[in-house]
Amino acid sequence: MSDTTPVPVHDEVAFEDAFGASGVSSGGHGEATVDEPVRDESTFALFEGDEGRLDEPQRRALVALLRHPYVSARTHVDEWRAVLDAEHQLRSRLNDLFLELHVDRDREVAFKRQARSESTRRGFPTLLRDAPYTREETIVLVYLRMRLRADARPGPDQVVVDRSEILGHVSGFRPATATDRTRDEARVAKAIERLVTARVLLKTSDPDRFRVASVVEVLLPLERLVELDTWLRTAATGGGGEPTDGDGAGLPATSDAEDGDDTEPGTAGDDTEEDRA
């Protein structure tokens, strides 16, 4: 005769078995606790307290974009590669500062520009200087863009201009009433200096010869070139028209970090453009 007495069921054991596969365990006092997920300890920290989410090459690219008017494959090899690899992340960081990132992969150049608020009541705070470009600076810029367009030699930054030819070109726009040649030439010299600071003109071993940076093609598109050229010629013949400024001309924006920095694009202490050519 067999024993048909039912075996007692231990509720505590059944509860633990039922939830054991779901990551729930006993807390030691009859309470079920959920195991915490394993935390990802990976980090890009480069110093104590660092909470940044960019790795070192990306951070260096971000600093270069903020510090210099532009970053190119020729002037900043490593930073340009980082821009290509992390364009989205770098654009996001710049957007946080009310800046836009422009990347031209064909001409291998990237630069920042101040974002414009759609609100007429309150504009965005800015980190960039917004100084209008003078008439002489605009004339020189248009001339450099035309020289690049007319010169078909291969390779970036291959067009070379002399200080004397720049002076001669600008003199063609001098009004008939202008009689102070010394003052006018001083203005052109200042315009050249500013375009060197903006790295539109690149220094060579000869202080009176400059290479024209190919970035001008990106900063001053053809349609804008035609518009500015028409305005300059109309103004030279006594016609109307309002002067342009750096933003309208598409010139690279400058930040306070660039003050006093007239070295070639790249890290501080780089060789001159002539040495690298």
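Just so we're clear, the structure is a prediction, and the values are computed from it rather than from any experiment. (Residues numbered from 1 in each chain as written. Predicted model: local features only at pLDDT ≥ 70, side-chain atom pairs only at ≥ 80, totals over all residues. Heavy atoms only, no water.)

1. Examining the nonpolar core
Line of reasoning, step 1. Of all hydrophobic cores here, the largest spans 28 residues; its most connected members are L144, I166, L201 and V212.
Line of reasoning, step 2. Elements that contribute at least two residues to this core include exactly α5 (135-150), α6 (163-171), α7 (181-197), β9 (209-212) and α9 (222-236).
Line of reasoning, step 3. When residues in this core are grouped by element, the largest group, seven residues, is from α5. (Core = buried A, V, L, I, M, F, W, Y, C linked by side-chain atoms within 4.5 Å. Buried < 20%, exposed > 50% of the residue type's maximum accessible area, 1.4 Å probe, protein only. Helix = DSSP H or I, 4+ residues; strand = E, 2+ residues; numbered from the N terminus.)

2. What to know about the packing of α6 against α7
Two quantities define a packed helix pair, namely the angle between the helix axes and the distance between the axes.
Line of reasoning, step 1. Relative orientation of the contacting elements α6 and α7 amounts to 125°, with a least axis distance of 10 Å. Put simply, α6 runs oblique to α7. For the crossing formed where α6 meets α7, the hand is right-handed. Residue-level inspection shows R163, I166, L167 and V170 of α6 in contact with α7, the latter providing E185, V188 and I192.
Line of reasoning, step 2. In terms of residue class, the contact of α6 with α7 is built from five nonpolar, no polar and two charged. (Axes fitted to C-alpha atoms, helices over the stretch in contact; angles between N-to-C directions. Parallel < 35°, antiparallel > 145°, perpendicular 65-115°, else oblique. Left-handed = near helix turned anticlockwise from the far one by under 90°. Contact = heavy atoms within 4.5 Å. Nonpolar A, V, L, I, M, F, W, Y, C, P; charged D, E, K, R; others polar.)

3. A short note on unusual backbone geometry
Line of reasoning, step 1. One non-glycine residue, F98, lies in the positive phi region at around 65°.
Line of reasoning, step 2. The residue F98 is located in the loop between α4 (87-95) and β4 (99-104) in this model.
Line of reasoning, step 3. A residue is classified by how much of its surface remains accessible, and F98, at 31% relative accessible area, is partly exposed.
Line of reasoning, step 4. Of note, the phi angle at R199 is positive, near 60°, even though the residue is not glycine.

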